[in-house]
Amino acid sequence: MALIHRTTVKPTKVELLTDWLPTRPWYRGGTAAPVLERSGGFRLDDPEGEVGIEFLVVTDTSGPERTAYLVPLTYRGAPLEGAEHALVGTMEHGVLGKRWTYDGCHDPVLVTELLSLLAGGAQAMAQSITDTPDHEVTRSCTGAPLAPAGFAPEPVDDEEGTRLPAPGGSTLHVHRVLLPVAENPPAPPQGALGHVASGWSGPADTRLRAVFMTLRTR
């Protein structure tokens, strides 16, 4: 169970992502620096209790149209060996001390728990409340079991998002730019083997929803 601490974090997650997002191929803001606000997300628990796992939604309000990004992050008490390329930055946590923050798609702990979520084994948890399930997160998975344990693929980032090879020859598409849909809850795309969907805060107290990840045959 992840314990949510009410404390300071310096720099903040938004400050880290303000510098990091423009370096990603799926960033839609061109050369402009983003103006970010936290809009939502959820967490997963690391069974070992060592790694923080968060699926953060941030919204860039710098342009004429708001753009919501999905940023899976992991938080560690020591560097993750071999993942220097995936380091977003370091933060000083008021309780836990120095934390290394990684693009979670490159962290095997997050990948394992995400595949478990898809398969129905892991529970999505509230982003800011300890030991509280997030029932807005929905998921589906058809076909053979994913058997995520020990699976450590290398993700591929492009302009469309992140493609994560999954067991059985399938591919998990992490939708970095979230496209709101009218359905509540959002339905899996046609032909998908599985999906994860949820919502986040929109303008003027609205609630927006989208598919966050899609599992496909390739």
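Look above for the structure.
These numbers come from a predicted model, not from an experiment.

Caption draft 1: Representation of the environment of Arg76 within the structure. Within the secondary structure, Arg76 sits in strand β4 (residues 67–76). The class for Arg76 is buried, based on a relative accessible area of 15%. With 30 residues separating them along the chain, Arg76 and His106 place their C-alpha atoms 13 Å apart. In this view, Arg76 contacts Val51, Lys98, Arg99, Trp100, Tyr102, Asp107 and Val109; residues no more than four positions away in its chain are not counted.

Caption draft 2: Local environment of the layout of surface pockets. Within this model, the second largest pocket holds a volume of roughly 360 Å³. In this structure, the second largest pocket is lined by 21 residues; those nearest its centre are His175, Val177, Leu179, Val211 and Thr214. For the lining of the second largest pocket, the secondary structure elements donating two or more residues are β9 (161–165), β10 (171–174) and β12 (207–216). A total of 4 residues in the lining of the second largest pocket trace back to one element, the largest contributor, which is β12.

Caption draft 3: Representation of the sheet that holds strand β11 (residues 194–201) in the model. Taken in spatial order, the 6 strands of this open sheet run β7-β11-β12-β10-β9-β8, and their pairing is antiparallel. Each edge of the sheet is formed by a strand with only one pairing partner; in this case those strands are β7 (138–141) and β8 (156–158). Adjacent strand axes in the sheet meet at a mean angle of 20°, parallel and antiparallel pairs treated alike. Summarising the sheet, β10 and β12 pair through 4 bridges and their orientation is antiparallel. Residue pairing across strands places Leu172 opposite Leu215, the latter belonging to β12. Sheet strands touched by helix α2 (residues 108–119): β7, β9, β10, β11 and β12. Its angle to β7, the strand with the most contacts, is close to 80°.

Caption draft 4: Quick look at the nonpolar core. If you look at the biggest cluster of nonpolar residues, it comprises 29 residues, and the most contacted ones within it are Phe42, Phe55 and Met213. Breaking this core down by element, the ones donating at least two residues are β2 (36–44), β3 (52–60), β4, α2, β10, β11 and β12. The element contributing the most residues to this core is α2, with 6 residues. Apart from the residues lying within four places of it in its own chain, the contact partners of Phe42 are Glu54, Phe55, Leu117, Ala124, Met125, Gln127, Asp134, Val137, Val196 and Phe212.

Caption draft 5: Expanded view of the environment of Arg99. With respect to the secondary-structure elements, Arg99 resides in strand β6 (residues 97–103). For the pair formed by Arg99 and Ala119, sequence separation is 20 residues and the distance between their alpha carbons is 29 Å. What Arg99 contacts, discounting residues up to four positions off in sequence, is Glu50, Gly52, Tyr75, Arg76, Gly77, Gly89, Thr90, Met91 and His93. Polar contacts involving the side chain of Arg99 include one to the main-chain carbonyl oxygen of Tyr75, which spans 3.1 Å.

Caption draft 6: Spatial organisation of the pattern of salt bridges. This model, assessed by the stated rule, comprises 9 salt bridges. Salt-bridge contacts for Arg176 lead to Asp103; the nearest nitrogen and oxygen are separated by 3.0 Å. Of this pair, Arg176 sits in the loop between β10 and β11 while Asp103 sits in strand β6, and the two are 73 residues apart along the sequence. By relative accessible area, Asp103 is classed as buried at 2%.

About the criteria used
Residues numbered from 1 in each chain as written. Predicted model: local features only at pLDDT ≥ 70, side-chain atom pairs only at ≥ 80, totals over all residues. Heavy atoms only, no water. Helix = DSSP H or I, 4+ residues; strand = E, 2+ residues; numbered from the N terminus. Buried < 20%, exposed > 50% of the residue type's maximum accessible area, 1.4 Å probe, protein only. Contact = heavy atoms within 4.5 Å. 1 Å grid on protein atoms, 1.4 Å probe; cavity = no way out; pocket = protein on both sides within 12 Å on 5 of 7 lines; lining within 4 Å. Points joined across faces, edges and corners; volume = space filled by probe spheres on them. Pairing = 2+ DSSP bridges. Axes fitted to C-alpha atoms, helices over the stretch in contact; angles between N-to-C directions. Core = buried A, V, L, I, M, F, W, Y, C linked by side-chain atoms within 4.5 Å. Polar contact = N/O pair within 3.5 Å; in protein donor to acceptor, adjacent residues only side chain to side chain. Salt bridge = Lys/Arg side-chain N within 4 Å of Asp/Glu carboxyl O.

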